[in-house]
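# Summary of structural features
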Amino acid sequence: MGKRHKTIVTHLEMRAEPRLLATPRPRGACALLRASKPPLHFYRYLYDTVGRDYAWVSRRKLSDEELASIVHDDNVEIYVLYLDGAPVGFTELDFRGMPDAELSFLGIIPERIGEGLGRFLLGEAISLAWARHPARLIVQTCTLDHPRALRLYQRAGFTPYGQSEAEFDE
């Protein structure tokens, strides 16, 4: 058995599309591309690289079939942020529970944290989610995530509506 983790999960929501998200575009050649039905090895690379320092394990435990049933679903959208030709982060939007949309994952590779890429990617993810006209957009973060994650979500317009404790094995 792997390492045991305990964490506090904060559940946040956004009930209306924000008026204006001023997120400066990253310097360099920047592209945010939808990865429609991405190869599982590519998805696992993004997920593991972005989440390894934050105990992201839920998707690692899935079989290829289980993972494909999620990330290849027509109502799950994965966007990869590229900077100067290389992937630097990704976000995953889940519309399977409409009228609620979920920002399931959002993260930047460790080498690029601190450059404002997370703020940019979050602004783009929020705009993409609201383009589908949900009743609300939800996200959750926990005490194992980046220390600035909760504050970033709140500054973008999310409001906490609950907390819970969670335990899991890595």
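For the structure itself, consult the block above.
Notes on the structure in this doc start here. (Residues numbered from 1 in each chain as written. Predicted model: local features only at pLDDT ≥ 70, side-chain atom pairs only at ≥ 80, totals over all residues. Heavy atoms only, no water.)

## A short note on the overall build of the chain
Put simply, the rule is: Helix and strand labels come from DSSP, where a helix needs a run of H or I of at least four residues and a strand needs a run of E of at least two; each type is numbered from the N terminus. For each residue, the accessible area found with a 1.4 Å probe, counting protein chains only, is set against the maximum for its type, and the residue is called buried under 20%, exposed over 50%, and partly exposed in between. Contact criterion: two residues are considered in contact whenever any of their non-hydrogen atoms come within 4.5 Å of each other. Residues scored as charged are limited to Lys and Arg (positive) and Asp and Glu (negative), so that His and the chain ends carry no count. To locate a charge, the coordinates of NZ of Lys, CZ of Arg, CG of Asp or CD of Glu are taken.
Scanning the chain from N- to C-terminus turns up four helices and seven strands. When the helices and strands of the chain are listed from N to C terminus, the series reads β-β-α-α-β-β-β-α-β-α-β. The principal-axis extent of the C-alpha atoms belonging to the chain is close to 45 × 40 × 30 Å. Every one of the 170 residues in the chain was classed for burial, and the buried ones make up 44%. Long-range pairs, those at least 24 residues apart, make up 72% of the contacts in the chain with a sequence separation of at least 6. Looking at charge distribution, the chain has the averaged site of its 22 positive side-chain charges lying 5 Å from that of its 23 negative ones.

## So, helix H2 (residues 64–71)
Using the following cut-off: An arc is given here, and it is the one of the directions from the helix axis to the C-beta atoms.
Burial in H2 covers these residues: Leu67, Ile70 and Val71. Buried residues along H2 cover an arc of 85° about the axis, so they all sit on one side. Looking at the buried positions of H2, the neighbouring elements they touch are helix H1 (40–51), strand E3 (76–83) and strand E4 (86–94).

## Considering the pattern of salt bridges
Which entries qualify depends on this criterion: Any Lys or Arg side-chain nitrogen found within 4 Å of a carboxyl oxygen on Asp or Glu counts as a salt bridge.
Summed over all chains, the structure comprises 12 salt bridges. For the salt bridge of lysine 37 with aspartate 74, the shortest nitrogen-to-oxygen distance reads 2.8 Å. Placement of the pair is lysine 37 in the loop between strand E2 (30–34) and H1 and aspartate 74 in the loop between H2 and E3, with a sequence separation of 37 residues.

## Quick notes on the packing of aromatic side chains
How we decide: Only centres within 6.5 Å qualify two rings of Phe, Tyr or Trp (six-membered ring in Trp) as a pair; their planes then separate them into stacked at under 30 degrees, edge-to-face at over 60, and tilted for everything else. Two conditions define a charge located above a ring, namely a distance within 6 Å from the ring centre to NZ of Lys or CZ of Arg, and an angle within 35 degrees of the ring normal.
Scanning the entire structure with this criterion turns up eight aromatic pairs. Pairing tyrosine 43 with tyrosine 47 gives two aromatic rings, centres 6.1 Å apart and planes at 20°, and the pair type is stacked. Of this pair, tyrosine 43 and tyrosine 47 both sit in helix H1, separated by four residues, roughly a single helical turn. Tyrosine 47 carries the same exposure label as tyrosine 43, and that label is buried. A ring pair is formed by tyrosine 43 and phenylalanine 90, whose centres lie 5.8 Å apart and whose planes are at 75°; its orientation type is edge-to-face. You can see tyrosine 43 sitting in helix H1 and its partner phenylalanine 90 sitting in strand E4, a full 47 residues away along the chain. We note that tyrosine 43, like phenylalanine 90, is buried. Taken together, Tyr43, Tyr47, Trp56, Phe90 and Phe105 form an aromatic cluster joined through their ring pairs. Its guanidinium or amino end placed over the ring of phenylalanine 95, arginine 132 lies 4.1 Å from that ring's centre, counting from NZ or CZ.

Everything listed here is a matter of coordinates, which is why it stays silent on function.
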